[in-house]
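Survey of secondary and tertiary structure
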Amino acid sequence: MKRTKIIEILKSDVPGDKFFFKGWVRTRRDSKTFSFIEINDGSCLKNIQVVADDTLEHYEDIKKLTTGSAIAVTGTLIESRGKGQKWEIQAEKAEIISIAPDTYPLQKKRHTDEFLRTIAHLRPRTNKYGAAFRIRSELSYAVHKFFRDRGFRYLHSPIITGSDCEGAGEMFRVTTLAPDSPSKKDGKPDYAQDFFGKETNLTVSGQLSAEMFALSLGDVYTFGPTFRAENSNTRRHAAEFWMVEPEMAFCDLTENMEIAEAFIKYLSSYVMEECPEDLELFAKFVDKTLMRTLENIASSEYVRLPYKAAVKILNRSGKKFDYPVDFGKDLQSEHERHLTEKHFKKPVIVYDYPKDIKPFYMRVNDDGETVAAMDVLVPGVGEIIGGSQREERLDVLKSRMNEMGLSQENYWWYLDTRKFGTVPHSGFGLGFERLIMLVTGIRNIRDVIPFPRTPNSIEF
Ligand code: 4AD
Ligand code: MG
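The rules we used
- Residues numbered from 1 in each chain as written.
- Chains lettered and ligands numbered in written order.
- Predicted model: local features only at pLDDT ≥ 70, side-chain atom pairs only at ≥ 80, totals over all residues.
- Helix = DSSP H or I, 4+ residues; strand = E, 2+ residues; numbered from the N terminus.
- Buried ≥ 20, exposed ≤ 12 C-beta atoms within 10 Å, placed from the backbone.
- Contact = placed C-beta atoms within 7 Å.
- Arc of directions from axis to C-beta.
- Pairing = 2+ DSSP bridges.
- Domains from an automatic or database assignment.

Focus on the overall build of the chain
Counting secondary structure elements, the chain contains 13 helices and 16 strands. A total of 460 residues make up the chain; the buried ones form 37% of that total. Intrachain contacts of the chain at a sequence separation of at least 6 include 66% that bridge at least 24 residues.

Details of helix H11 (residues 394–403)
Listed in full, the buried residues belonging to H11 are Leu397, Arg400 and Met401. Each buried residue of H11 lies within a common arc of 100° when the element is viewed along its axis, so the set occupies one face. Projecting away from the buried face of H11 at angles above 90 degrees are the exposed residues Asp395, Asn402 and Glu403. Of the residues one or two after H11, glycine 405 is the one with positive phi, at around 70°.

Some points on the sheet that holds strand S7 (residues 160–161)
Strand order in the open sheet formed by three strands is S7-S9-S8, with antiparallel pairing between adjacent strands. On the outer flanks of this sheet lie S7 and strand S8 (173–174), each paired with one strand and no other. Bridge analysis of S7 against strand S9 (residues 200–202) gives two bridges, and the strand direction is antiparallel. Across the sheet, threonine 161 pairs through a bridge with asparagine 201, a residue of S9.

Here we look at the domain arrangement of the chain
Each assigned domain of the chain is listed here: domain 1 (6–98) and domain 2 (123–447). Taking the mean C-alpha position of each, domain 1 and domain 2 sit 45 Å from one another.

This is the structure:
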């Protein structure tokens, strides 16, 4: 008999259907002549309840099933006599696959997020993390769907690069073992070799590659891991995170903002439509206001706010911030939260930032002191997207690079696109973990990425 996943069994309408399925035991309750076993196979949040009675072969062994044990069941779908579920399975055959000893750390009780981080290899077996990672999977599909439906092409941008897109110097260097190094066996290995004949690093952003391809294929996007050696131990920064980066030819900042807004709206509607059961868990146990927030994100009109106006609002708010703001200072999380949660109570797109706090590639505005940058800020998370119109004028770009001490020889290929058929173009990067934080209400980035990489912690 073919195996069916529990998510499919629970969609059934017809009692009397026969199913074969496998999963892990969540709980077992016994009476004299039968046992109730709750089984989950990870395909959905819900468990299926199995009724196993003493007419089954090896019934004595079934009574030894512990939480975390694995089992295969053949049985018939019947209407449940108990409360809380529509269906249950009357077992006709039950085969024990493995028995988990009682040292299994996920016994039925509530565990703290801090504890579960120490067992990141097991935490997706809990309701909360199972739901978070199913949502993560659904939303990565939605990212591709959004762009595909709009005629974008998907680019695989490289992980190892020779440039520093953001110019912040927060990079992980790539090296190999020296040929005469004591190597892995014993002694201290010597990692001084540059395999590529020059310094290389893990990419901080796929943008520069995406620009090259946008100026060839039109509309493109990349979606992959990016790396930053920022030593900021915050709840929304990780050393390895996933970024979605669309890049559009013949596109200015206004259109860029429109696409960014449509993208976030699409993703939040998608999750409400496709993951209602998993979302309900977060709305119940993690953030009681979650559904209201998601409705707001999906349907409100996002504010467009020049950076200078944002600074004014913050300075007139009467609020004492830890970091004072003034023209030329970057907005901190507390400022972003004030704008989105207190002042406007919805997403805000701040644009035209001072050029001195932004990377070399952003287009300089006519005022000479700001660039055509935009950040999308959302309640609860703050900055979720950073983007800009790119500098397409060769002379302006060159003088910006000079000002910032960037070598033109290193970026000759980048400059080529401004020499040959240059056009206005724009793009942005969405932090994928921050999106998952937004839609689940989870407030620590370590809890939305399978195996988090943050300063001084790598176990898995
Ligand atoms: O604002 P950022 O640094 O922009 C760029 O990298 C541009 N090159 C993107 C582009 O225009 N193609 O990063 C973009 C987004 C941020 O808004 C944030 O959501 C996320 O990436 N991000 C991080 N997420 C987790 N951990 C970190 N350390 C992050 N740094 C940025
Ligand atoms: Mg940014």
